[in-house]
Amino acid sequence: MSGSSAGGGQVVVNRSMSLDGFIAGPGDTMGWVHDYLTADTFPEVMAATGAMLVGRRTHEVARQMAAEDTDYDGGPVFVLTHRPPDEPVAGVTFLSCDLAEAVATARAAAGGKNLEVLGADLASQCLRQGLVDEVLVYVLPVLLGDGVRFSTPGLGRIELEPVSRQQSGAVTLLRFRVPAARPAG
Ligand SMILES: NC(=O)c1ccc[n+]([C@@H]2O[C@H](COP(=O)([O-])OP(=O)(O)OC[C@H]3O[C@@H](n4cnc5c(N)ncnc54)[C@H](OP(=O)(O)O)[C@@H]3O)[C@@H](O)[C@H]2O)c1
């Protein structure tokens, strides 16, 4: 069930993307994002966000990033993984459950605001299962040539409804609604 159909905040796949369709460069490099984008570029996005559901790889890469590159405060962070660490990580709740249950758990923590879903693998699964209301993409004016693609292979075709387009400096923010009632699988 998507967020809008259940009431409350939306479930939003949120990512920065190079013009050639990558969300991370080779070796998971992310510095190119911060050359263009900060939490202040579109402050309304962070303000509308109440929680984040993150794939374990995204969590690991974020931990390696400098503190000034991770100033985004989207509320409580939930990390989905098949193998939660033995030691707790401050500010992070690890989940090892069914995907829909993970989305529902993180969304309940968003306090009526949006839930952001981060990670190509995780987001692709959520899109495939019809758990996403909106796709929000920051298009950055750079070609990376290689890296982590926007979607994982096998996601298939999903029609999106354009909602809005905004510009801030060199960054274009595109929003798309994901139509409901897509078959899972
Ligand atoms: N440009 C942007 O805005 C943006 C945003 C987010 C991320 N990124 C980048 O994207 C890259 C990471 O994306 P990714 O697609 O490689 O990985 P990801 O989606 O972040 O994480 C994948 C991992 O999440 C866990 N997972 C996924 N689905 C699961 C499920 N149904 N049940 C349990 N665990 C599940 C698995 O971890 P285990 O192996 O531990 O089970 C899996 O290996 C990083 O480079 C990151 O920096 C970019």
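Residues numbered from 1 in each chain as written. Predicted model: local features only at pLDDT ≥ 70, side-chain atom pairs only at ≥ 80, totals over all residues.

Trainee: Explanation requested: the overall build of the protein chain in the structure shown.
Mentor: Helix and strand counts for the protein chain stand at six helices and ten strands. The C-alpha atoms of the protein chain give 15 Å as radius of gyration, which agrees with the globular expectation for 185 residues (16 Å, within 12%). With respect to the three principal axes, the spread of C-alpha positions in the protein chain is 40 × 35 × 30 Å. In the protein chain, which comprises 185 residues, the share counted as buried stands at 33%. Counted over contacts in the protein chain with a minimum sequence separation of 6, partners at least 24 positions apart contribute 77%. (Helix = DSSP H or I, 4+ residues; strand = E, 2+ residues; numbered from the N terminus. Rg over C-alpha atoms; globule rule 2.2 N^0.38 Å. Buried ≥ 20, exposed ≤ 12 C-beta atoms within 10 Å, placed from the backbone. Contact = placed C-beta atoms within 7 Å.)

Trainee: I would appreciate a short explanation of unusual backbone geometry in the present structure.
Mentor: The general pattern is negative phi for most residues beyond glycine and trans for most peptide bonds. Positioned with a positive phi, aspartate 28 is a non-glycine residue whose angle comes to about 65 degrees. Its place among the elements puts aspartate 28 in the loop between β2 (22-24) and α2 (31-34).

Trainee: Sorry, what's going on with the site of the ligand here?
Mentor: In the vicinity of the ligand, 24 residues are found, and the nearest of them are Ala24, Gly55, His82, Gly119 and Ala120. Looking at the shell around the ligand, the elements with two or more residues in it are β1 (11-18), β2, α4 (56-64) and α6 (120-128). (Near = placed C-beta within 6 Å.)

Trainee: Would you explain the sheet that holds strand β5 (residues 92-95) in this entry?
Mentor: Two orientations exist for strands paired in a sheet by backbone hydrogen bonds: parallel and antiparallel. Spatially, β5-β4-β3-β6-β1-β7-β10-β9 is the arrangement adopted by the eight strands of the open sheet, whose pairing is mixed. At either end of the open sheet lies a strand with only one pairing partner, and these are β5 and β9 (161-168). Put simply, the sheet's adjacent strands are angled 25 degrees from each other on average, direction ignored. (Pairing = 2+ DSSP bridges. Axes fitted to C-alpha atoms, helices over the stretch in contact; angles between N-to-C directions.)

Trainee: Looking at this structure, how should I read the environment of serine 164?
Mentor: Relative to the elements of secondary structure, serine 164 occurs in strand β9. The exposure class of serine 164 is exposed, given the 10 C-beta atoms found within 10 Å. A sequence separation of eleven residues divides serine 164 from arginine 175, and the C-alpha atoms of the two residues are 5.3 Å apart.

Trainee: What should I look at first to understand the nonpolar core in this one?
Mentor: Buried together is how nonpolar side chains tend to be arranged in soluble globular proteins. Core analysis: the largest hydrophobic core is formed by 36 residues, its most contacted members being Val13, Leu53, Phe78, Leu115, Val117, Cys126 and Val132. Breaking this core down by element, the ones donating at least two residues are β1, β2, β3 (49-55), β4 (77-80), α5 (99-108), β6 (114-118), α6 and β7 (134-140). Here this core gets five residues from one element, more than from any other, and that element is α6. In contact with cysteine 126, other than residues within four places in its own chain, are Val13, Leu99, Val103, Val117, Leu131 and Val132. (Core = buried A, V, L, I, M, F, W, Y, C linked by C-beta atoms within 7 Å.)

Trainee: Quick question: what am I supposed to make of α6 here?
Mentor: Two residues of an α-helix separated by three or four positions point the same way, owing to the 3.6 residues in each turn. When you tally the buried positions in α6, you get eight out of nine residues, the bulk of the element. Within two residues after α6, glycine 130 carries a phi angle of roughly 70 degrees, on the positive side.

Trainee: Looking at this model, I keep getting lost on α5. Mind explaining?
Mentor: Every buried residue of α5 is listed here: Ala102, Val103, Ala106 and Arg107. Buried residues of α5, seen end-on, are gathered within an arc of 125 degrees and therefore sit on one face of the element. (Arc of directions from axis to C-beta.)

Trainee: Mind showing me how you'd approach the environment of valine 12 here?
Mentor: The topology assignment puts valine 12 in strand β1. With 24 C-beta atoms counted inside 10 Å, the residue valine 12 sits in the buried group. For the pair valine 12 and arginine 177, spaced 165 residues apart in sequence, the C-alpha to C-alpha distance is 9.2 Å.

Trainee: Where do I start with the pairing of β1 in this structure?
Mentor: Side-chain positions along a regular strand alternate between the two faces of the sheet. Within β1, seven of the eight residues are buried, which leaves the element mostly enclosed by the surrounding structure. Of the pairings in the sheet, the one linking β1 to β6 comprises three bridges and is parallel in character. For valine 13, the partnering residue across the bridge sits in β6 and is valine 117.

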